[in-house]
Amino acid sequence: MESIFHEKQEGSLCAQHCLNNLLQGEYFSPVELSSIAHQLDEEERMRMAEGGVTSEDYRTFLQQPSGNMDDSGFFSIQVISNALKVWGLELILFNSPEYQRLRIDPINERSFICNYKEHWFTVRKLGKQWFNLNSLLTGPELISDTYLALFLAQLQQEGYSIFVVKGDLPDCEADQLLQMIRVQQMHRPKLIGEELAQLKEQRVQKTDLERVLEANDGSGMLDEDEEDLQRALALSRQEIDLEDEEADLRRAIQLSMQVPEIYVKILHRRQVHILLQKSYGREEKPTLKSSSSSKIHQDIHVESRTQVQEHLTVISVML
């Protein structure tokens, strides 16, 4: 794409851009095209003078502005056609009956010049590929062979006049290079107006952002401190919640451990009570009154107390 010559729009010089993009170089300037326009104006004046310089038509013609150029830089199709004759090139109307009878496939041509109202642009084949070289675009637009006929038909529906350029175009670097390689275009170029509008919007957004930053320059640190404080408070609340959850968990575990302890204590008291009843019940109801029976009673009493102590020891271990 870098090798393709592409003049972008300046003022209303689209005719100049159209010719230079077609010929792939800076071949024409506004001064040169103005000279051609003045020459055409003089030729028209001389033809009108043939009817008499005192005629009403001649005086009306002199009062009218030039039909071949204006102060904005617009040039007529006659100026473009005469400029191309210098290079041995001719323009034929694409939708004329004479050309349509030839039934030529557009992809077999070399270039087209398109006009709508006061805008001119070129569609040209470079190498083996077609390109839209409209000066209103930010760069050349690749057109596939299958899309070319549809593209031209769409231009005609929009009101464009299309001219086929006949003759041998001058050699150019882009044509020679693209004969050997084919290019691919990932992103189509935008209209210059769209790009300028996008750049302007970006500048406006940047200016607004800078204005906001300047306005918040004194309070920026306060905002940062406030954000740090909010984060610290949030973290502290999370820690408190975690501590509360841990405390509740510890109480639940402690309570679960206390429940069996209560049962063990109840069991302990009950077993002691039963043992004591058995022990003292035997002392209150002696069955023998002799010394031998007394000795047996003492032995039973000692044995009962020993069993009570052993039970107490076992229960203590369980606790």
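Parameters and conventions
- Residues numbered from 1 in each chain as written.
- Predicted model: local features only at pLDDT ≥ 70, side-chain atom pairs only at ≥ 80, totals over all residues.
- Heavy atoms only, no water.
- Core = buried A, V, L, I, M, F, W, Y, C linked by side-chain atoms within 4.5 Å.
- Buried < 20%, exposed > 50% of the residue type's maximum accessible area, 1.4 Å probe, protein only.
- Helix = DSSP H or I, 4+ residues; strand = E, 2+ residues; numbered from the N terminus.
- Contact = heavy atoms within 4.5 Å.
- Axes fitted to C-alpha atoms, helices over the stretch in contact; angles between N-to-C directions.
- Parallel < 35°, antiparallel > 145°, perpendicular 65-115°, else oblique.
- Left-handed = near helix turned anticlockwise from the far one by under 90°.
- Nonpolar A, V, L, I, M, F, W, Y, C, P; charged D, E, K, R; others polar.
- Phe/Tyr/Trp six-rings, centres within 6.5 Å; stacked < 30°, edge-to-face > 60°.
- Patch = residues over 30% accessible without salt bridge, like charges linked within 9 Å, V, L, I, M, F, W, Y side chains within 5 Å.
- Areas by Shrake-Rupley, 256 points an atom, 1.4 Å probe, with all protein chains shown as cover.
- Salt bridge = Lys/Arg side-chain N within 4 Å of Asp/Glu carboxyl O.
- 1 Å grid on protein atoms, 1.4 Å probe; cavity = no way out; pocket = protein on both sides within 12 Å on 5 of 7 lines; lining within 4 Å.
- Points joined across faces, edges and corners; volume = space filled by probe spheres on them.
- UniProt positions renumbered as here; feature names shortened; annotations may be inferred.
- Polar contact = N/O pair within 3.5 Å; in protein donor to acceptor, adjacent residues only side chain to side chain.

Asks: Any chance you could explain the nonpolar core here in plain terms?
Replies: The tendency in soluble globular proteins is for nonpolar side chains to be buried side by side. One finds Leu33, Phe75, Ile80, Leu84, Ile113 and Trp120 to be the most contacted residues of the largest nonpolar core, which totals 26 residues. Every element with two or more residues in this core is listed here: helix 1 (14-23), helix 2 (30-49), helix 4 (77-85) and strand 6 (161-166). Looking at this core element by element, the count peaks at six residues for helix 1. Here Trp120 is in contact with Cys14, Ala15, Cys18, Phe74, Phe75, Ser76, Ile77, Ile80, Ile113, Cys114, Asn115 and Phe163, once residues within four sequence places are set aside.

Asks: Explain the packing of helix 1 against helix 4 to me, please; I cannot follow it from the model alone.
Replies: Packed helix pairs are characterised by how far apart their axes lie and by the angle those axes make with each other. One way to put it is that helix 1 packs onto helix 4 with a least axis distance of 11 Å and a crossing angle of 30°. By the criterion of interaxial angle, the relationship of helix 1 to helix 4 is roughly parallel. Viewed along their axes, helix 1 and helix 4 form a crossing whose handedness is right-handed. Each of Ala15, Leu19 and Leu22 in helix 1 lies in contact with helix 4, whose residues at this interface are Ile80, Ala83 and Leu84. Its residues assigned to classes, the contact of helix 1 with helix 4 comprises six nonpolar, no polar and no charged.

Asks: How should the packing of aromatic side chains be read in this particular structure?
Replies: Aromatic ring pairs are reported here in terms of the distance separating the ring centres and the angle at which the planes meet. Counted according to the given criterion, the structure contains eight aromatic pairs. Aromatic side chains Tyr147 and Phe151 sit 5.9 Å apart centroid to centroid with 45° between the ring planes, which places their arrangement in the tilted category. With Tyr147 and Phe151 both in helix 6 (residues 145-157) and four residues apart, the pair spans about one turn of that helix. Since its relative accessible area comes to 10%, Phe151 is described here as buried. Three or more aromatic residues link up through ring pairs in this structure, and these residues are Phe94, Tyr99, Phe112 and Trp130.

Asks: What is the right way to read a nonpolar patch on the surface from this model?
Replies: A grouping of Leu177, Met180 and Ile181 is seen on the molecular surface, where their side chains present a nonpolar patch of about 300 Å² in accessible area. Locating Ile181 in the fold gives a position in the loop between helix 7 (173-178) and helix 8 (192-215). Residue Ile181 is classed as partly exposed on the basis of its relative accessible area of 41%.

Asks: How should the layout of surface pockets be read in this particular structure?
Replies: Taking a probe equal in size to a water molecule and rolling it over the atoms shows the remaining empty space. Its boundaries defined by the atoms lining it, the largest pocket holds a volume of some 270 Å³. Those elements giving two or more residues to the lining of the largest pocket turn out to be strand 3 (119-126) and helix 6. Here the element with the most residues in the lining of the largest pocket is helix 6; it accounts for four residues. Considering only residue class, the lining of the largest pocket consists of nine nonpolar, four polar and four charged. As a volume, the second largest pocket reaches approximately 170 Å³. As for the second largest pocket, its lining consists of Lys128, Gln129, Leu142, Ile143, Ser144, Asp145, Arg182, Gln185 and Arg188.

Asks: Quick question: what am I supposed to make of the UniProt feature "active site" (unreviewed entry) in the chain here?
Replies: Listed under "active site" (unreviewed entry) in the UniProt record, and renumbered for this structure, are Cys14, His119 and Asn134. Despite a sequence span of 121 residues, these residues sit close together in the fold, their greatest C-alpha distance being 9.6 Å. Here the residues from the annotation list that line the largest pocket are His119 and Asn134. Turning to its location among the elements, Cys14 is positioned in helix 1. Classification of Cys14 by relative accessible area gives buried; the value is 2%. Residue position: Asn134 is located in the loop between strand 4 (129-132) and strand 5 (141-143). Looking at Asn134, the relative accessible area reads 9%, which means it is buried. In this structure Asn134 touches His6, His119, Phe121 and Thr122, once residues within four positions along its chain are discounted. Reaching out from Asn134, the side chain makes a polar contact with the side chain of His119 at a distance of 2.9 Å.

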